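Residue-level structure breakdown
Residues per chain are reported as follows:
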Amino acid sequence: MRYWLMKSEPDDCSIDDLAAMPNQTVAWYGVRNYQARNFMRDQMQLGDLAFFYHSSCAEPGIAGIVEVARRAYPDATQFDAGSRFFDPKSMPEDPRWLNVDVRFVRKTPLIALAELRRHAALEHMRVLQKASRLSITPVDPAEWRYITEQLIGGA
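1. Describing helix α2 (residues 34–43)
For α2, every residue scored as buried is listed here: A36, R37, F39 and M40. Down the axis of α2, the buried side of the element spans an arc of 155°, and every buried residue falls inside it. In this structure, the buried residues of α2 make contact with β1 (3–8), β4 (61–74), β5 (98–112) and β6 (136–139). The residue sitting at the N-terminus of α2 and contributing the capping side-chain oxygen is N33; that oxygen lies 2.8 Å from the backbone nitrogen of Q35.

Written out as C-alpha coordinates, the structure reads:
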(Lines give C-alpha, C1' and ligand atoms only; values in the text may rest on other atoms or scores of the structure.)
Protein backbone atom coordinates (compact mmCIF):
# COMPACT_ATOMS: atom_id res chain seq x y z
CA MET A 1 0.00 0.00 0.00
CA ARG A 2 1.25 3.44 -0.95
CA TYR A 3 -0.03 6.80 0.18
CA TRP A 4 -0.48 9.95 -1.87
CA LEU A 5 -1.58 13.57 -1.77
CA MET A 6 -3.68 14.57 -4.77
CA LYS A 7 -4.50 18.21 -5.40
CA SER A 8 -7.76 19.40 -6.93
CA GLU A 9 -9.12 22.89 -7.31
CA PRO A 10 -12.46 22.82 -5.47
CA ASP A 11 -14.05 24.94 -8.22
CA ASP A 12 -13.28 22.04 -10.57
CA CYS A 13 -13.93 19.09 -8.24
CA SER A 14 -14.22 19.33 -4.45
CA ILE A 15 -14.47 16.54 -1.91
CA ASP A 16 -18.19 17.35 -1.66
CA ASP A 17 -18.54 17.07 -5.45
CA LEU A 18 -16.87 13.66 -5.35
CA ALA A 19 -19.11 12.49 -2.50
CA ALA A 20 -22.17 13.43 -4.61
CA MET A 21 -21.02 11.67 -7.81
CA PRO A 22 -22.45 8.38 -9.04
CA ASN A 23 -20.45 5.58 -7.41
CA GLN A 24 -18.52 8.37 -5.62
CA THR A 25 -15.78 7.90 -8.22
CA VAL A 26 -14.06 10.35 -10.56
CA ALA A 27 -11.25 10.27 -13.12
CA TRP A 28 -8.27 12.32 -11.90
CA TYR A 29 -7.87 14.06 -15.24
CA GLY A 30 -5.87 17.06 -16.39
CA VAL A 31 -2.49 16.13 -14.90
CA ARG A 32 0.07 17.75 -17.20
CA ASN A 33 3.33 17.14 -15.40
CA TYR A 34 5.47 14.17 -16.36
CA GLN A 35 6.56 13.35 -12.81
CA ALA A 36 2.96 13.31 -11.53
CA ARG A 37 1.92 11.27 -14.59
CA ASN A 38 4.71 8.79 -13.87
CA PHE A 39 3.52 8.39 -10.28
CA MET A 40 0.09 7.40 -11.63
CA ARG A 41 1.51 5.16 -14.37
CA ASP A 42 4.32 3.44 -12.49
CA GLN A 43 3.47 3.44 -8.79
CA MET A 44 -0.24 3.87 -8.06
CA GLN A 45 -2.04 0.62 -7.37
CA LEU A 46 -5.66 -0.29 -6.72
CA GLY A 47 -6.51 0.40 -3.09
CA ASP A 48 -3.74 2.95 -2.49
CA LEU A 49 -5.02 5.78 -0.31
CA ALA A 50 -4.62 9.50 -0.92
CA PHE A 51 -5.36 12.74 0.82
CA PHE A 52 -7.78 14.78 -1.29
CA TYR A 53 -6.23 18.25 -1.13
CA HIS A 54 -8.05 21.44 -2.08
CA SER A 55 -5.62 23.77 -3.87
CA SER A 56 -5.74 27.19 -5.55
CA CYS A 57 -8.44 28.37 -3.16
CA ALA A 58 -8.83 30.68 -0.17
CA GLU A 59 -7.77 27.99 2.31
CA PRO A 60 -5.81 25.14 0.74
CA GLY A 61 -5.55 21.90 2.68
CA ILE A 62 -6.53 18.28 3.12
CA ALA A 63 -10.29 17.91 2.79
CA GLY A 64 -10.75 14.16 2.60
CA ILE A 65 -9.44 10.69 1.83
CA VAL A 66 -9.83 8.78 -1.44
CA GLU A 67 -8.64 5.43 -2.75
CA VAL A 68 -7.33 4.49 -6.16
CA ALA A 69 -10.24 2.69 -7.84
CA ARG A 70 -8.78 2.21 -11.34
CA ARG A 71 -5.17 2.02 -12.50
CA ALA A 72 -3.73 4.51 -14.98
CA TYR A 73 -5.35 4.81 -18.43
CA PRO A 74 -5.31 7.50 -21.16
CA ASP A 75 -6.79 10.85 -20.12
CA ALA A 76 -9.51 11.61 -22.69
CA THR A 77 -9.20 15.38 -22.17
CA GLN A 78 -5.85 15.40 -24.02
CA PHE A 79 -7.70 14.59 -27.27
CA ASP A 80 -10.61 17.02 -26.79
CA ALA A 81 -9.88 20.26 -28.69
CA GLY A 82 -12.52 22.01 -26.55
CA SER A 83 -10.84 21.07 -23.27
CA ARG A 84 -8.39 23.30 -21.43
CA PHE A 85 -6.31 20.12 -21.09
CA PHE A 86 -6.12 19.49 -24.86
CA ASP A 87 -2.64 18.50 -26.07
CA PRO A 88 -2.30 18.69 -29.87
CA LYS A 89 0.95 16.68 -29.71
CA SER A 90 -0.67 13.71 -28.00
CA MET A 91 -1.98 10.96 -30.28
CA PRO A 92 -4.55 8.28 -29.41
CA GLU A 93 -2.13 5.54 -30.51
CA ASP A 94 0.57 6.99 -28.22
CA PRO A 95 -1.06 9.07 -25.46
CA ARG A 96 1.14 11.32 -23.35
CA TRP A 97 -1.24 11.83 -20.43
CA LEU A 98 -2.92 9.41 -18.07
CA ASN A 99 -5.35 9.51 -15.20
CA VAL A 100 -6.49 7.16 -12.49
CA ASP A 101 -9.95 6.91 -11.00
CA VAL A 102 -10.35 7.68 -7.32
CA ARG A 103 -13.22 6.73 -5.03
CA PHE A 104 -14.47 8.72 -2.07
CA VAL A 105 -13.54 7.21 1.30
CA ARG A 106 -14.40 10.02 3.68
CA LYS A 107 -14.53 13.74 4.14
CA THR A 108 -12.30 15.08 6.90
CA PRO A 109 -12.18 18.34 8.75
CA LEU A 110 -10.09 20.70 6.62
CA ILE A 111 -6.43 20.41 7.63
CA ALA A 112 -5.12 23.70 6.29
CA LEU A 113 -1.68 24.07 4.77
CA ALA A 114 -0.76 26.41 7.63
CA GLU A 115 -1.75 23.70 10.14
CA LEU A 116 0.37 21.09 8.36
CA ARG A 117 3.36 23.45 8.55
CA ARG A 118 3.04 23.67 12.36
CA HIS A 119 3.97 20.01 12.90
CA ALA A 120 7.64 19.03 13.03
CA ALA A 121 6.71 15.43 12.16
CA LEU A 122 5.60 16.70 8.73
CA GLU A 123 8.54 18.99 7.94
CA HIS A 124 9.73 16.78 5.06
CA MET A 125 6.30 16.31 3.51
CA ARG A 126 6.56 17.16 -0.18
CA VAL A 127 3.56 19.49 -0.25
CA LEU A 128 5.33 21.65 2.37
CA GLN A 129 8.55 22.07 0.42
CA LYS A 130 9.29 25.38 -1.31
CA ALA A 131 8.24 25.46 -4.97
CA SER A 132 6.29 22.21 -4.57
CA ARG A 133 3.70 22.48 -7.31
CA LEU A 134 3.12 18.84 -8.25
CA SER A 135 -0.54 17.86 -8.27
CA ILE A 136 0.28 14.35 -7.05
CA THR A 137 2.97 13.54 -4.50
CA PRO A 138 3.84 10.48 -2.45
CA VAL A 139 3.18 10.63 1.27
CA ASP A 140 5.51 8.76 3.61
CA PRO A 141 3.67 6.12 5.69
CA ALA A 142 4.82 7.85 8.92
CA GLU A 143 3.37 11.16 7.65
CA TRP A 144 0.11 9.38 6.73
CA ARG A 145 -0.16 7.85 10.19
CA TYR A 146 0.62 11.16 11.90
CA ILE A 147 -2.00 13.06 9.91
CA THR A 148 -4.71 10.41 10.22
CA GLU A 149 -4.07 9.70 13.91
CA GLN A 150 -3.07 13.11 15.27
CA LEU A 151 -4.83 15.61 13.01
CA ILE A 152 -7.84 13.74 11.67
CA GLY A 153 -8.43 11.21 14.42
CA GLY A 154 -8.17 7.84 12.65
CA ALA A 155 -8.67 6.65 9.09
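Now that the structure is up, let's keep going.
2. Remarks on the environment of T77
Relative to the assigned elements, T77 resides in the loop between β4 and β5. Residue T77 is classed as buried on the basis of its relative accessible area, which comes to 18%. Linking T77 and L98, residues 21 residues apart in sequence, is a C-alpha distance of 9.6 Å. T77 has contacts with Y29, G30, R32, S83, F85 and F86, leaving out every residue within four places of it along the chain. A distance of 2.6 Å separates a polar atom in the side chain of T77 from a polar atom in the side chain of D75.

3. Description of the environment of Q129
Here Q129 is to be found in the loop between α3 (113–117) and β6. Here Q129 falls in the partly exposed class, since its relative accessible area comes to 35%. Placed 97 residues apart in sequence, Q129 and R32 show a C-alpha to C-alpha distance of 20 Å. Look past the residues within four positions of Q129 in its chain and what remains in contact with it is E123 and H124. A polar side-chain atom of Q129 sits 3.0 Å from the main-chain carbonyl oxygen of M125.

4. A closer look at the side chain of T148
Tracing the sequence through the fold places T148 in helix α4 (residues 141–152). Reaching out from T148, the side chain makes a polar contact with the backbone oxygen of R145 at a distance of 3.3 Å.

5. What about the packing of aromatic side chains?
One pass over the full model with this rule turns up six aromatic pairs. Taking the centre distance of 4.7 Å and the plane angle of 25° together, the rings of Y3 and W144 count as stacked. Of this pair, Y3 sits in strand β1 while W144 sits in helix α4, and the two are 141 residues apart along the sequence. W144 shares its class with Y3; the two are buried. Taking 5.3 Å as the distance between ring centres and 85° as the angle between the ring planes, the aromatic pair formed by W28 and F52 counts as edge-to-face. Of this pair, W28 sits in the loop between β2 (25–27) and α2 while F52 sits in strand β3 (residues 49–54), and the two are 24 residues apart along the sequence. Each member of the pair, W28 together with F52, is buried. Three or more aromatic residues link up through ring pairs in this structure, and these residues are Y3, F51 and W144.

Conventions used here
- Residues numbered from 1 in each chain as written.
- Predicted model: local features only at pLDDT ≥ 70, side-chain atom pairs only at ≥ 80, totals over all residues.
- Heavy atoms only, no water.
- Buried < 20%, exposed > 50% of the residue type's maximum accessible area, 1.4 Å probe, protein only.
- Helix = DSSP H or I, 4+ residues; strand = E, 2+ residues; numbered from the N terminus.
- Arc of directions from axis to C-beta.
- Contact = heavy atoms within 4.5 Å.
- Polar contact = N/O pair within 3.5 Å; in protein donor to acceptor, adjacent residues only side chain to side chain.
- Phe/Tyr/Trp six-rings, centres within 6.5 Å; stacked < 30°, edge-to-face > 60°.

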